[in-house]
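Fold and geometry: a report
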Amino acid sequence: MTPTAHEAPSATYEAPPNIALIKYWGVRDEELHLPYNSSLSVTLERLRTRTTVRFDPLLPADRLVLNGRVADGAPREAVARFLDLVRERSGSKLYAEVRSRNNFPTASGMASSASGFAALAGAASRAAGLDLTQAELSALARFGSGSAARSIFGGFVEWDAGRRSDGRDCRARALLPPRHWPELLDLVAVVADAPAKEVRSAVAMQASVRTSPAFSDRQAAVGPRLSRMRSAIRRRDSDAFFRLLIEECDEFRGVCERTVPTLDYLTDTSREVLAAVKGLNAAAGEAVVGYTHDAGAHVHLFTLRSELPRLRRALRPIRGVARYWSLRPGPGGRYLRTSVR
Ligand code: PMV
C-alpha cells in the first residue's frame, strides 16, 4: 500500500565520528567499495550527527536540510545517490527529505562524512522499511563514505578489508568496548587556519593508488602494523600504541605527499603540534603521546589522562590552535524515536 503524505515513513539515527588509528586509503573495487587494506579506529564520544529521513510521496526530488539550511549542489547529490541505493534495495520509489544536524562544525575536517553517512544509512534504511543488522548497516554506510562503515560501532573498531572479490568478507566490527582503556583520551587540536578540503578523500586516495610511489610499500607494512596495534591496545601498552600511531600517521602522510599532484593536508600549526609531540616524547625517553590526523589539518593527540598536564604545557607556545577538545572513546550509532523535526 502506498502511504499517504501524513503517514510518510520516517526514522532518526544518530551516529558519531571516528578517528582512524590505522588508515583506510585506497579502494581495490570502486563498484563494491572494497578497500585495499584493513583499518582500525576509535569512535569518539559527544560529537554526533543526527539525521531524520522521511520518504514522502509528495516530494518531486530528494531534499537535504543540513544544520537547518536547505543544501544544494554536491552534498545533496551525494545524499541522493546514496538514497538511490536504499531505494534499489527496498523497492521504494519515493523521494525523501533528509534533515541532518551536526553538534560540531561541519566540514571542519572532523570526519563529518563518517558520522554523516552512518547516520544517513541508519535513518534511510529503516524509513525505507529495511530492517538491517549492525553489520549490514555498516556495509551499506561504506557506499557513502568508507570510514562511515566504522561509525556504526562504538569503542575500538576494525574494518576488515577481506579478500573475496564479491566483498562478502569485507566487514567492520567492534573490537573492544569504549570503556576498555579508561585512561586513554584523544586531545583534538582544532587548528585555526585549516583550509577547506579541495579534493574529496574518495578521489584523493585513488590518486595515491595510481601515482604515489609509496603506496605499495605501505600495503606491505600496514597489515603487520595493524596486528601489532591491535595487540598493544588489548594490552593497554601505551608506549607501543603511541609509537605505532605516529609511525602509521607519518607513513600515511608520506603516501599523500608523494601523490601526484601532491596532497598536503597540514598547516604550519599542525606541523608545530607534531613537532611538539616528538620533542615531548624525546624528553620523556618513551612515547607518552601519539598523534594522528586524517585528510585534514586538525591533529588528534592520544595520551593517558595522567600525562595531560605535561602535554598541555608542551602545546602552550603554539598560537594557531583555535581550541582543544578532550574526547574519550564513545558508543556507536543508535536509533532515536521516529520523529520529524
Ligand atoms: O571515508 P572517506 O572516504 O572520507 O575516507 C577517509 C579517509 C581517512 O579519513 C583519511 C582515513 C580513514 O580511515 O578514516
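Everything quoted here is computed from the prediction, not taken from an experiment.

Reading guide: rules and limits
Residues numbered from 1 in each chain as written. Predicted model: local features only at pLDDT ≥ 70, side-chain atom pairs only at ≥ 80, totals over all residues. Heavy atoms only, no water. Near = heavy atom within 4 Å. Polar contact = N/O pair within 3.5 Å; in protein donor to acceptor, adjacent residues only side chain to side chain. Areas by Shrake-Rupley, 256 points an atom, 1.4 Å probe, with all protein chains shown as cover. Nonpolar A, V, L, I, M, F, W, Y, C, P; charged D, E, K, R; others polar. Pairing = 2+ DSSP bridges. Helix = DSSP H or I, 4+ residues; strand = E, 2+ residues; numbered from the N terminus. Axes fitted to C-alpha atoms, helices over the stretch in contact; angles between N-to-C directions. Contact = heavy atoms within 4.5 Å. Phe/Tyr/Trp six-rings, centres within 6.5 Å; stacked < 30°, edge-to-face > 60°. Buried < 20%, exposed > 50% of the residue type's maximum accessible area, 1.4 Å probe, protein only. Lys NZ or Arg CZ within 6 Å of the ring centre and 35° of its normal. Parallel < 35°, antiparallel > 145°, perpendicular 65-115°, else oblique. Left-handed = near helix turned anticlockwise from the far one by under 90°. Core = buried A, V, L, I, M, F, W, Y, C linked by side-chain atoms within 4.5 Å. pLDDT = per-residue confidence, 0-100.

**Let's talk about the site of the ligand**
- Close to the ligand lie 14 residues; Tyr-24, Ser-145, Ser-147, Arg-150 and Asp-294 are nearest.
- Ser-145 places a side-chain nitrogen or oxygen 2.7 Å from an oxygen atom of the ligand.
- Arg-150 places a polar side-chain atom, nitrogen or oxygen, 2.8 Å from an oxygen atom of the ligand.
- In the complex, the protein chains occlude 92% of the 380 Å² of accessible area that the ligand would expose alone.
- Partitioned by chemical class, the residues of the shell around the ligand number 6 nonpolar, 5 polar and 3 charged.

**Overview of the sheet that holds strand E15 (residues 321-327)**
- In spatial order, the strands read E13-E14-E12-E15; together these 4 strands make up an open sheet with antiparallel pairing. Looking at strand neighbours, the two that pair on one side only are strand E13 (289-292) and E15, the edges of this open sheet. The mean angle between the axes of side-by-side strands here comes to 25°, regardless of whether they run parallel or antiparallel.
- In terms of strand pairing, strand E12 (residues 184-191) meets strand E14 (residues 299-304) through 6 bridges, oriented antiparallel. The partner of Leu-187 across the bridge, within E14, is Leu-301.
- Each of E12, E13, E14 and E15 is contacted by helix H8 (residues 268-284), which is oriented at about 155° to E13, the strand it contacts most.

**Concerning the sheet that holds strand E16 (residues 334-336)**
- If you trace the 6 strands from one edge of the open sheet to the other, you get E8-E7-E9-E6-E1-E16, paired in mixed fashion. The sheet is open, and its two borders are formed by strand E8 (69-71) and E16, each paired with just one other strand. The mean inter-strand angle of the sheet, taken between neighbouring strand axes irrespective of direction, is 25°.
- Where strand E7 (residues 63-66) and strand E9 (residues 95-102) come together, 4 bridges link them in parallel fashion. The partner of Val-65 across the bridge, within E9, is Arg-99.

**Some remarks on the packing of aromatic side chains**
- By the definition in use, this model includes 9 aromatic pairs.
- Aromatic side chains Tyr-13 and Tyr-335 sit 4.7 Å apart centroid to centroid with 75° between the ring planes, which places their arrangement in the edge-to-face category. Of this pair, Tyr-13 sits in strand E1 (residues 10-15) while Tyr-335 is found in strand E16, placing the two residues 322 residues apart along the sequence.
- Residue class for Tyr-335 comes out partly exposed when judged on its relative accessible area of 26%.
- Taken together, the aromatic side chains of Trp-181, Phe-241, Phe-242 and Phe-302 make up a single cluster linked through ring pairs.
- Of note, Lys-23 hangs over the ring of Phe-252, and the distance from its end group to the ring centre comes to 5.8 Å.
- The ring of Tyr-335 has Arg-126 sitting right over it, with the charged end atom 3.7 Å from the ring centre.

**Notes on the packing of H8 against helix H9 (residues 308-315)**
- Axis separation between H8 and H9 bottoms out at 9 Å; the angle between their running directions is 130°. The angle between H8 and H9 falls in the class oblique. The chirality of how H8 crosses H9 is right-handed. The segment H8 lies against H9, with Val-273, Ala-276, Leu-280 and Ala-284 engaging Arg-310, Leu-311, Ala-314 and Leu-315.

**Topic: the nonpolar core**
- With 51 residues, the main nonpolar core has Trp-25, Val-53, Phe-55, Leu-83, Val-86 and Leu-120 as its most contacted residues.
- In terms of residue count, the dominant contributor to this core is helix H2 (residues 112-127) (8 residues).
- With residues up to four places along the chain from it excluded, the contact list for Leu-83 reads Phe-55, Asp-62, Ala-96, Val-98, Leu-120 and Ala-124.
- Ile-19, Met-229, Ile-233 and Phe-302 belong to the second-largest nonpolar core, a separate cluster that totals 30 residues.

**Observations concerning unusual backbone geometry**
- Following Val-260, the chain continues into Pro-261 via a peptide bond in cis, with omega recorded as -10°.
- Here Pro-261 lies in the loop between helix H7 (238-257) and H8.
- With a phi angle near 70°, Arg-46 is a residue other than glycine that sits in the positive phi range.
- Tracing the backbone through its elements, the reader meets Arg-46 in the loop between strand E5 (39-43) and strand E6 (49-56).
- Even without being a glycine, Asn-67 presents a positive backbone phi close to 50°.
- Within the secondary structure layout, Asn-67 lies in the loop between E7 and E8.

**Section: the confidence of the model for the protein chain**
- Residues at a pLDDT of 70 or more form 94% of the protein chain, whose mean pLDDT is 94.
- Residue range residues 1-5 is modelled with pLDDT below 50. Its contacts to residues more than four positions away, or to other chains, number 8 contacts.

**Concerning the side chain of His-300**
- Tracing the backbone through its elements, the reader meets His-300 in strand E14.
- With a relative accessible area of 6%, His-300 lands in the buried category.
- One polar contact links His-300 to Asp-186, side chain to side chain, over a distance of 2.7 Å.

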